Amino acid sequence: MKRVVQGDLQGNVLCGYGRKYAHGLFLFFRIEDRRAFGRWLDAQAGSITTAVPWGKPNPASTLNVALSLEGLEALGLPPRVLDSFPEAFRQGMEKRAPRLGDMGTSEPQHWDERLRGLHGVVTVLALERAVRDARRAELEAEAGDAGLEIPPFAQETDVPADEREPFGFADGISQPAIRDPEAGPWPRAGEVPVAAGEFVLGYEDEGGVVPEPPAGIGFNGSYMVVRKLEQDVEGFWDFLRGEAEGDAASMDWLAAKIVGRWCDGTPLVRSPGGPDGDGAARDALNDFTYGADPEGFRCPIGAHIRRTNPRDSLDYEWRFANRHRIIRRGMPYTPDGDGGKPGLIFVCFQASIERQFEFVQSQWMGDGNAFGLGSDPDFIAGPSAGKMTIQGAPPRFVPMQRFVTTRGGGYFFVPGMSALRHIAELARA
Ligand code: N7H
């Protein structure tokens, strides 16, 4: 097995930095002056955080860069290279909206204009809020000299101390483990590790092949999907309160059935009667399969976590499920304007946007066909209203509404470090 070259891989792709880097900044940008940006990128290259394990003390903040197809084009990459990217990336998130289910208020024409036609994103993650704020000020001050359109759009994100997302569920628990002893995320009890090539270009994937990387700049690259997903928290809980006829315990039960975990993260399949009080033992929270619950009586077959990662539901060795894994690095944001709502900056990394993110979003969340559930979409972030089936005797059908709206985003390429230097050099030429 070829080991991942950690010094050449950006550090946010595989193992990430951990939830203690709780204060994020996503600086979305468009390039106006390619040579100036090339100089800036070259100067930053030494400060970009790689996957090389850290000594002590840990850095106060991290820095990573990703570019969209339009960004690579603006930097002067030749058509031969641009054309070698897969179709999903070349088309970009806006053009792929119909297959992602971005309809109605989620249609690109309603997106935040600042989150359309993006050339790239700089990600900063910091241990302290003040450090993040200082990095933001620095980056914004440099933006003009870095050849970026002013102002770039800065989106701050903060993971609260209880690590819950805006609806109130514990998040950031399940992550694919990597079959490489040096490159995390490392396997925890009950997990079937996945080949590094599912997330990083240039390595063998679960199909036993090394997918063709983009010409000349593919090695150690990855694809990053970023979506700003606004959450109607009040609407979500009002709806559940109505369905539960005001009974708090039934409301929590319904919420757990929708997600597949109780709010504290306890998996339903392990503890269908209520949270098992083991919420603190995060590693144990991911030690489960669906083999003993084929009918979905414990965890509904269409629950959010069961349909986005069916684990052993589709074949006992997870082979099918493991072809559609994503590494999730989403972070919550708080309302950023009058009347604004909170939400999630959803982020995921993969080697194939089409086979991984898009497949999960459109095939597994879009409807229930793959699971014998007909047209049932995912209640949390599926494309449309409809119904959710809670298996039982008798089953319960919950008429559902949409409480998550797409506000913008993009598909980005995360170059390996040598590729990044090469791109900077081309841009300066
Ligand atoms: Fe989901 N939520 O708070 O309800 N998600 N998600 N997600 N999600 C997960 O296991 C949520 C979204 C996945 O391996 C948990 O870490 C919300 C999209 C996958 O068992 C919770 C939004 C996509 C998993 C939520 C949202 C996914 C997962 C449990 C939007 C893919 C891991 C915590 C606002 C296209 C499943 C955990 C596994 C887990 C929520 C979006 C995918 C609580 C609020 C768009 C693969």
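Keep in mind the model is a prediction, meaning the values are calculated, not measured.

Asks: Go over the side chain of Asp-102 with me, naming the residues and quoting the values.
Replies: Mapped onto the fold, Asp-102 is located in the loop between helix 5 (97-100) and strand 3 (120-126). With a relative accessible area of 4%, Asp-102 lands in the buried category. At 2.8 Å, the side chain of Asp-102 and the side chain of Arg-227 are in polar contact.

Asks: I'd like a rundown of the coordination of the iron atom of the ligand, residues and numbers included.
Replies: A lone protein donor contacts the iron atom of the ligand, and this donor is His-304 (NE2), found at 2.1 Å. Relative to the assigned elements, His-304 resides in helix 9 (residues 304-308).

Asks: I'd love a proper account of the layout of surface pockets, names of residues and values included.
Replies: Volume-wise, the largest pocket comes out at about 970 Å³. Residue lining of the largest pocket: 38 residues in total, with Cys-15, Gly-16, Tyr-17, Gly-18 and Arg-19 positioned closest to the centre. Only strand 3 and strand 8 (343-350) provide two or more residues apiece to the lining of the largest pocket. Broken down by class, the residue content of the lining of the largest pocket amounts to 17 nonpolar, 12 polar and nine charged. In this structure, the second largest pocket spans a volume of roughly 200 Å³. Taken together, 16 residues make up the lining of the second largest pocket; nearest its centre are Glu-70, Gln-91, Gly-92, Met-93 and Glu-94. Among the elements of the structure, helix 2 (69-74), helix 4 (87-95) and strand 11 (404-414) are those that each provide at least two residues to the lining of the second largest pocket. When residues of the lining of the second largest pocket are assigned to their parent elements, the largest contribution, seven residues, is made by helix 4. Among the residues forming the lining of the second largest pocket, the class breakdown is six nonpolar, six polar and four charged.

Asks: So what about the site of the ligand? Which residues, and what values?
Replies: Neighbouring the ligand are 28 residues, the closest being Ile-173, Ser-174, His-304, Arg-311 and Arg-328. Taking Ile-173, its main chain carries an N or O atom lying 2.6 Å from an oxygen atom of the ligand. In the environment of the ligand, an oxygen atom lies 3.2 Å from a nitrogen or oxygen atom belonging to the side chain of Arg-261. A breakdown of the residues in the shell around the ligand according to their chemical character gives 16 nonpolar, seven polar and five charged.

Asks: A description of the packing of helix 7 (residues 233-243) against helix 8 (residues 248-259) should follow, citing residues and the corresponding values.
Replies: For the pair helix 7 and helix 8, interaxial distance at closest approach is 9 Å and the crossing angle is 120°. When the axes of helix 7 and helix 8 are compared, the crossing they make is right-handed. Contacts between helix 7 and helix 8 involve Trp-237, Leu-240, Arg-241 and Glu-243 from the first element and Met-251, Asp-252, Leu-254, Ala-255 and Ile-258 from the second. Of the residues contributing to the contact of helix 7 with helix 8, the split by class is six nonpolar, no polar and three charged.

Asks: I'd like to hear about the pairing of strand 8, residue by residue, with values.
Replies: When you tally the buried positions in strand 8, you get eight out of eight residues, the bulk of the element. Where strand 6 (residues 327-328) lies against strand 8, two bridges are found, and the strand directions are antiparallel. If you follow Arg-328 over to strand 8, its bridge partner there is Cys-348. By the bridge criterion, three bridges tie strand 7 (residues 331-333) to strand 8 in an arrangement that is antiparallel. Of the residues in strand 8, the one forming a bridge with Met-331 is Ile-345.

Asks: Now, about the packing of aromatic side chains: what can you tell me, with residues and values included?
Replies: Two aromatic rings are characterised by how far apart their centres lie and by the angle between their planes. Scanning the entire structure with this criterion turns up 28 aromatic pairs. Note on Phe-26 and Phe-28: the rings are 6.4 Å apart at their centroids and 15° apart in plane angle, and the pair reads as stacked. Summarising the aromatic geometry, the rings of Phe-239 and Phe-379 are spaced 5.8 Å apart at their centres and angled 50° between planes, so their arrangement reads as tilted. One end of the pair, Phe-239, is in helix 7; the other, Phe-379, is in the loop between helix 10 (354-364) and strand 9 (386-390), and 140 residues separate them in sequence. Of the two residues, Phe-239 and Phe-379, neither departs from the other in class, the shared state being buried. Directly above the aromatic system of Tyr-203 lies the positively charged group of Lys-2, at a separation of 5.0 Å from the ring centroid. Between Arg-311 and the ring centre of Phe-288, over which it is positioned, the NZ or CZ distance is 3.9 Å.

Asks: How would you explain empty space enclosed by the protein if you had to name every residue and give the values?
Replies: Applying the stated rule across the entire model yields five cavities of 30 Å³ or more. In this structure, the largest cavity occupies an estimated 790 Å³ of space. Looking at the largest cavity, it is lined by 40 residues, and the ones nearest its centre are Asp-171, His-304, Thr-308, Arg-328 and Phe-346. Of all the secondary-structure elements, those providing two or more residues to the lining of the largest cavity are strand 5 (222-231), helix 9, strand 8 and helix 10. Its residues placed into classes, the lining of the largest cavity shows 20 nonpolar, 11 polar and nine charged. Of the volumes computed, that of the second largest cavity is approximately 50 Å³. Surrounding the second largest cavity, Ser-174, Gln-175, Pro-176, Ala-177, Glu-191, Val-192, Asn-286, Asn-309, Arg-311, Trp-318 and Arg-325 form its lining.

Asks: Describe in detail the pattern of salt bridges, supporting the description with residues and values.
Replies: Summed over the entire model, instances satisfying the criterion amount to 32 salt bridges. Residue Arg-188 pairs with Glu-191 through a salt bridge whose shortest N-O separation is 3.1 Å. When its relative accessible area of 13% is taken as the criterion, Glu-191 is described as buried. Shared partners join several salt bridges into a network, and the residues in it are Arg-129, Arg-132, Asp-133, Arg-136, Glu-140, Glu-156 and Asp-158.

About the thresholds
- Residues numbered from 1 in each chain as written.
- Predicted model: local features only at pLDDT ≥ 70, side-chain atom pairs only at ≥ 80, totals over all residues.
- Heavy atoms only, no water.
- Helix = DSSP H or I, 4+ residues; strand = E, 2+ residues; numbered from the N terminus.
- Buried < 20%, exposed > 50% of the residue type's maximum accessible area, 1.4 Å probe, protein only.
- Polar contact = N/O pair within 3.5 Å; in protein donor to acceptor, adjacent residues only side chain to side chain.
- Donors = N, O, S within 2.8 Å, 3.2 Å for Na, K, Ca; no water.
- 1 Å grid on protein atoms, 1.4 Å probe; cavity = no way out; pocket = protein on both sides within 12 Å on 5 of 7 lines; lining within 4 Å.
- Points joined across faces, edges and corners; volume = space filled by probe spheres on them.
- Nonpolar A, V, L, I, M, F, W, Y, C, P; charged D, E, K, R; others polar.
- Near = heavy atom within 4 Å.
- Axes fitted to C-alpha atoms, helices over the stretch in contact; angles between N-to-C directions.
- Left-handed = near helix turned anticlockwise from the far one by under 90°.
- Contact = heavy atoms within 4.5 Å.
- Pairing = 2+ DSSP bridges.
- Phe/Tyr/Trp six-rings, centres within 6.5 Å; stacked < 30°, edge-to-face > 60°.
- Lys NZ or Arg CZ within 6 Å of the ring centre and 35° of its normal.
- Salt bridge = Lys/Arg side-chain N within 4 Å of Asp/Glu carboxyl O.

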